[in-house]
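# Reading the structure
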Amino acid sequence: MRSYGETYERIIAKKSIAESKIKARNKRIKKYATAVSCLCICFVVVFLISKAGTYTSAGGSNTANDLRTEFPADRSQQTVVTQDNTTKVYEADGNTDSSVEGQILPEGNGESEAYRIRMVNAAMKALPDEDYDKIKIDESYIIEKYIKEGAQEIELCLIHLEGNTFYYEVEIDVEGKKIYDFIKKAK
Amino acid sequence: MDNGASSYCRFISGDESGIVELIELYRDGLILYINSFTKNIVEAEDIVEDVFLKLMMRKPHYNGRASFKTWLYIIAGNVAKDYLRKKSRQGKVCLEDVSEILEDETELENMYLKEEQKIQLHHSIRKLDSEHQQILWLIYFESMSISEAASVVRKSVHATGNLVYKARKALKIQLESDGFVYEKI
């Protein structure tokens, strides 16, 4: 039979063993928590980088038509990068396809460019009318939008497509790069 | 008499002598109580050490609703049940010599119970089943009331009363078979 002193000593010994086990376990937990946190941070950073550079055109959060155009200096050819990342080349000499509807009567310069019609049609098809009707798209909306997105210069041109349908042709300069966009004007 | 509550409070405040007092006050009784669970005095000693270890490590809060003794016996009962559950899963085998175990048990009985009559009574109680042993130990040797014993064994007061009744009946049969003679009044 153990004495009271022996019992007390055994309890103290068990206590120090238990405390060292707890210390070792806490150290392991801290190590794993740090590793998991670093992994999560890396994942978030990679995710954000992959999403960076995404550009949405007018219509606020409802834009499905993410057509961007970059005009080369001579404007003889125009490469359009569509939302599904295929590229189409439109000729400036008026080659059209069956999707062309209407005529552009741009104000001021007297030019008539068929490829603009094609892009306008694509923009029209991408968004239903009712979405545009919800948003009052006018010059101030467009200017505000593109300034927020980093445009240094904004040039607007109103294009009459047909009937009551008008489009804004927007030419903006973002960090030295010319970007074109077509935005349907609200009725 | 606060049954060790003040010693525990002193221990919580940082005075190690509090826990030493509690060990001296309760160790032997707890060993004999837990022996009713384990039927092995050596294991009962280890379990009692774990009970005091739990008090030292976790410092559970004593709210004073039950007596300190009742509260401590509840903790001891829970630690004993956890130990037995773990032992049944691990299939532990006791390596201690049986004769040594019996010797230790007898020595402890003599130290704690002291009186011959109490020792004889305890010998008879040890032959009963575990639940009867536990309740009779609490009632007869730790002088707990039915309601205090009910808290320790985690039963209702009514169920504990029934258990005490059945345990006494079983004890009576055991005492008679052990040759105990009633005094004539």
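Residues numbered from 1 in each chain as written. Chains lettered and ligands numbered in written order. Predicted model: local features only at pLDDT ≥ 70, side-chain atom pairs only at ≥ 80, totals over all residues.

For an interface, size is often stated in terms of accessible area lost upon the parts coming together. If you look at the interface, chain B gives 13 residues, while chain A gives ten residues. Of all the secondary structure elements, the ones that give two or more residues to the side of chain B that touches chain A are helix H2 (17-38), helix H3 (41-58) and helix H5 (98-113) of chain B. Among the elements that make up the side of chain B that touches chain A, the one with the highest residue count is H3(B) (six residues). Here the side of chain B that touches chain A is composed, by residue class, of seven nonpolar, no polar and six charged. (Contact = placed C-beta atoms within 7 Å. Helix = DSSP H or I, 4+ residues; strand = E, 2+ residues; numbered from the N terminus. Nonpolar A, V, L, I, M, F, W, Y, C, P; charged D, E, K, R; others polar.)

Further remarks concern helix H1 (residues 5-13) of chain B. All names here are of chain B. All buried positions along H1 are accounted for by Ser7, Tyr8 and Phe11. Across the axial projection of H1, the buried residues extend over an arc of 100°, all falling on one side. Considering only its buried residues, H1 is in contact with H2 and helix H4 (68-90). (Buried ≥ 20, exposed ≤ 12 C-beta atoms within 10 Å, placed from the backbone. Arc of directions from axis to C-beta.)

Here we come to the confidence of the model for chain B. Averaged over all residues, the pLDDT of chain B is 86; the fraction at 70 or higher stands at 89%. Note on the complex model: pTM 0.56, ipTM 0.77. (pLDDT = per-residue confidence, 0-100.)

Attention now goes to helix H9 (residues 157-177) of chain B. Each full turn of the α-helix corresponds to 3.6 residues, which orients residues three or four apart in the same direction. Residues and elements named next belong to chain B. In this model H9 runs 30 Å from its N-terminal to its C-terminal C-alpha over 21 residues, within 8% of the 30 Å that 1.5 Å per residue would give. Here the buried face of H9 lies against helix H6 (116-125), helix H7 (130-141) and helix H8 (146-153). The positive-phi residue at the C-terminal boundary of H9 is Gly179, with phi of around 90°. (Expected span 1.5 Å × (residues − 1).)

This next bit is on the packing of H2(B) against H3(B). All names here are of chain B. At a closest axis distance of 8 Å, the pairing of H2 and H3 adopts a crossing angle of 135°. Taken together, H2 and H3 sit at an angle that is classed as oblique. Regarding H2 and H3, the two cross each other, and that crossing is right-handed. Seen from H2, the contacting residues are Ile19, Ile23, Arg27, Leu30, Ile31, Ile34, Asn35 and Thr38; seen from H3, they are Ile41, Glu43, Ala44, Glu45, Ile47, Val48, Val51, Phe52, Leu55 and Met56. Its residues placed into classes, the contact of H2 with H3 shows 13 nonpolar, two polar and three charged. (Axes fitted to C-alpha atoms, helices over the stretch in contact; angles between N-to-C directions. Parallel < 35°, antiparallel > 145°, perpendicular 65-115°, else oblique. Left-handed = near helix turned anticlockwise from the far one by under 90°.)

Turning next to the confidence of the model for chain A. All names here are of chain A. Taken residue by residue, chain A gives an average pLDDT of 62. The fraction at 70 or more is 36%. The secondary structure element of chain A with the lowest average pLDDT is strand E3 (residues 87-91), at 38, and the one with the highest is helix H1 (residues 4-51), at 92. Counting interchain partners and residues more than four positions distant, the pLDDT-below-50 stretch residues 55-128 has 107 contacts. In this model residues 131-135 is a low-confidence stretch, pLDDT under 50, and it forms twelve contacts with partners more than four residues away in sequence or in other chains.

For the rest of this paragraph, the subject is the packing of H7(B) against H8(B). A packed helix pair is summarised by two numbers, namely the angle formed by the two axes and the spacing between the axes. Residue and element names in this part refer to chain B. At a minimum axis distance of 10 Å, the contact between H7 and H8 shows a crossing angle of 140°. Between H7 and H8, the angle falls in the class oblique. Crossing of H7 against H8: the hand is right-handed. Counted together, Gln134, Ile135, Leu138 and Ile139 of H7 and Ala149, Val152 and Val153 of H8 form the full contact between these two elements. When grouped by side-chain class, the residues that make up the contact of H7 with H8 number six nonpolar, one polar and no charged.

Turning our attention to the nonpolar core. All names here are of chain B. Membership of the largest hydrophobic core comes to 42 residues, with the highest contact counts inside it found for Leu30, Ile31, Ile34, Ile47, Val48, Val51 and Ala76. Among the elements that line this core, the one with the most residues is H2, at ten residues. Both domains that furnish three or more residues to this core are identified here as domain 1 (1-114) and domain 2 (116-185). If near-sequence neighbours (up to four positions away) are discounted, Ile34 is found in contact with Ala44, Ile47, Val48, Ala76 and Ala80. (Core = buried A, V, L, I, M, F, W, Y, C linked by C-beta atoms within 7 Å. Domains from an automatic or database assignment.)

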